[in-house]
Amino acid sequence: MSALLVPRLDNAPVSIVHKEARRAIVVLAKKENRAVTDIVAELRPNLDRMQADWTEGYSHTVAGEAQETAETFGSAGTALMVAIIMIFGTLVLLFGSYRQAVVLLATLPLALIGTFLGFFIFGMEMSFFAVIGVITLMGIVANDAIVMIDTMNLHLKEGVRVAECAPRDATERLLPIISTSGTTIAGLVPLAIGNPMWRPLCYRC
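Residues numbered from 1 in each chain as written. Predicted model: local features only at pLDDT ≥ 70, side-chain atom pairs only at ≥ 80, totals over all residues. Heavy atoms only, no water.

> Just give me the short version of the side chain of Asn-153, but keep the residues and values in it.
With respect to the secondary-structure elements, Asn-153 resides in helix α5 (residues 128–157). Here Asn-153 falls in the buried class, since its relative accessible area comes to 15%. (Helix = DSSP H or I, 4+ residues; strand = E, 2+ residues; numbered from the N terminus. Buried < 20%, exposed > 50% of the residue type's maximum accessible area, 1.4 Å probe, protein only.)

> I'd like to hear about the environment of Pro-167, residue by residue, with values.
Structurally, Pro-167 is set in helix α6 (residues 162–194). According to the relative accessible area criterion, Pro-167 is partly exposed, its value standing at 46%. On a C-alpha basis, the gap between Pro-167 and Met-152 in space is 10.0 Å, while along the polypeptide they are 15 residues apart.

> Give a description of the environment of Ser-181 that names residues and reports values.
Within the fold, Ser-181 resides in helix α6. Spatially, the C-alpha atom of Ser-181 lies 9.0 Å from that of Val-141, the residues being 40 residues apart in sequence. When neighbours within four sequence positions are excluded, Ser-181 is seen to be in contact with Ile-140 and Asp-144. (Contact = heavy atoms within 4.5 Å.)

> Requested: an account of the nonpolar core, with residues and values cited.
Judged by nonpolar contacts, the single largest core of 15 residues is most densely connected at Leu-91, Phe-95, Leu-104, Leu-108 and Val-141. Looking at this core, the elements with two or more residues in it are α2 (65–95), α3 (98–105), α4 (108–122) and α5. With 7 residues, α5 is the single largest residue contributor to this core. Ignoring any residue separated from it by four or fewer positions in sequence, one finds Val-141 in contact with Thr-107, Leu-108 and Ala-111. (Core = buried A, V, L, I, M, F, W, Y, C linked by side-chain atoms within 4.5 Å.)

> Explain α3 to me, and be specific about the residues and the numbers.
If you check which residues of α3 are buried, you get Gln-100, Ala-101, Leu-104 and Leu-105. Buried positions in α3, seen along its axis, are confined to an arc of 140° and lie on one side of it. Counted as exposed and oriented over 90 degrees from the buried face of α3: Tyr-98 and Arg-99. One side-chain oxygen of the residue at the start of α3 lies 3.4 Å from the amide nitrogen of Arg-99, identifying that residue as Ser-97. (Arc of directions from axis to C-beta. Polar contact = N/O pair within 3.5 Å; in protein donor to acceptor, adjacent residues only side chain to side chain.)

> Quick one: what's the story with the confidence of the model for the protein, residue by residue and with numbers?
Mean pLDDT over the protein stands at 75; residues scoring 70 or higher make up 80%. The element-level mean pLDDT for the protein is lowest in helix α7 (residues 199–204), coming to 62, with α3 highest at 85. (pLDDT = per-residue confidence, 0-100.)

This is how it looks when you write it as structure tokens:
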């Protein structure tokens, strides 16, 4: 007499996921009110400590937005150099002078002083949106410098000396520059307050 088969209920995976020909478990999570870099910085030490107790052959990898951010940083240097070269070429064609183009580019690093100081004060990490904010900020500074140099060129053609042009143009263009920069800052304030995800971008600008 054959033995009866008793059915048994148990948990089993619905499907088996493979990554690079190896079995993998994908854990999805949604971040709220925190930057991905902050979450990964807090989570990674715990994962490394847990991995010490895992069987040999098991490992963990952080993907998603964190991986995309790392890839963006990896190609950011090359993209930045290409952008600077293109900006330099455009300025040379616009002003017809290599010296004025170099002077304008020299103002771009000055824009980063307050940016990094602000991130240090608020204890914020570099992220994908922060990089976008840096690029936007450099565009704003370049725009203000173009306005200044263009005004100085007009006064130089009228016969005004360089020593007189600098303070005169700074006085004339101070209000327009503050107005354009102020409107940009005012437009980013609600975004920075409303959604922490966009906060690095807004603080950079």
